[in-house]
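Observations on chain architecture
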Amino acid sequence: MSGQSRRQARRTALFVLYQWDLTGQPLASLYEGEVDAFARDIAEAVAARAGELDGQISAAAEGWTADRLGVVERSALRVAIRELERGEVPAEVAIDEAVAFAKRYASEDAARLVNGILGRIQREEAA
């Protein structure tokens, strides 16, 4: 799979997870058309562990809890944490993609927040 198609699949997963978080609808009902297997794998793995991932986000967010974050930021963080744990892409790629997503679909402040939280999580995992 090329880097571009991975990026597109990651974005698809983020959109599906965003809708899932916002609407509470079953994940399977949110897929439109043929969904890339990588995107589906990300979305399903993240949804299955959302509570656990949110705990990691809250622990690293210093004074914020995951439920107080915007849906875009929370979705981007969940996907990035899963990717950091799996180690299939370099940490910088997982973090950069999440920051870019937050910047594009939320705000510059959201991107800085996502970067800070993921930086703390990455440092803790490396320690």
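As shown above, the structure is provided for reference.
To keep things clear, this report deals only with the structure shown in the data block. Everything numeric in this text was worked out from a predicted model, so none of it was measured. (Residues numbered from 1 in each chain as written. Predicted model: local features only at pLDDT ≥ 70, side-chain atom pairs only at ≥ 80, totals over all residues. Heavy atoms only, no water.)

**A few points about the nonpolar core**
Membership of the largest hydrophobic core comes to 42 residues, with the highest contact counts inside it found for Ile117 and Leu118. When contributions to this core are tallied by element, the ones reaching two or more residues are α1 (3–23), α2 (37–48), α3 (50–60), α4 (71–86), α5 (91–105) and α6 (108–126). If sequence neighbours within four positions are ignored, Ile117 has contacts with Ile57, Ala60, Ala61, Leu69 and Leu77. (Core = buried A, V, L, I, M, F, W, Y, C linked by side-chain atoms within 4.5 Å. Buried < 20%, exposed > 50% of the residue type's maximum accessible area, 1.4 Å probe, protein only. Helix = DSSP H or I, 4+ residues; strand = E, 2+ residues; numbered from the N terminus. Contact = heavy atoms within 4.5 Å.)

**Overview of the environment of Glu125**
Note that Glu125 resides in helix α6. A relative accessible area of 39% means that Glu125 is categorised as partly exposed. Sequence separation between Glu125 and Glu85 is 40 residues, and the spatial gap between their C-alpha atoms is 8.5 Å. In this structure Glu125 touches Gln56, Leu84 and Glu85, once residues within four positions along its chain are discounted.

**Notes on the environment of Ala60**
For Ala60, the position within the fold is in helix α3. Those residues within four positions of Ala60 in sequence are excluded, and the remaining contacts are Ile117, Arg120 and Ile121.

**Section: the side chain of Asp54**
Its location among the elements puts Asp54 in helix α3. With relative accessibility at 17%, the residue Asp54 sits in the buried group. In this view, Asp54 contacts Ala66, Arg74 and Arg78; residues no more than four positions away in its chain are not counted.

**What to know about the environment of Tyr18**
Within the fold, Tyr18 resides in helix α1. The class of Tyr18 is partly exposed, set by a relative accessible area of 29%. In the structure, Tyr18 is positioned 52 residues away from Gly70 in sequence and 9.8 Å away in space, judged by C-alpha atoms. Every residue in contact with Tyr18, bar those within four places of it in the chain, is listed here: Val71, Val72 and Ser75.

**Concerning the packing of α3 against α4**
Look at α3 against α4: their axes get within 10 Å of each other, and the N-to-C directions meet at 95°. As the angle between them shows, α3 and α4 are arranged roughly perpendicular. For the pair α3 and α4, contact is made by Ala50, Leu53, Asp54, Gln56 and Ile57 and by Arg74, Leu77, Arg78, Ile81 and Glu85, respectively. Of the residues contributing to the contact of α3 with α4, the split by class is five nonpolar, one polar and four charged. (Axes fitted to C-alpha atoms, helices over the stretch in contact; angles between N-to-C directions. Parallel < 35°, antiparallel > 145°, perpendicular 65-115°, else oblique. Nonpolar A, V, L, I, M, F, W, Y, C, P; charged D, E, K, R; others polar.)

Read these as geometric descriptors, not functional statements.
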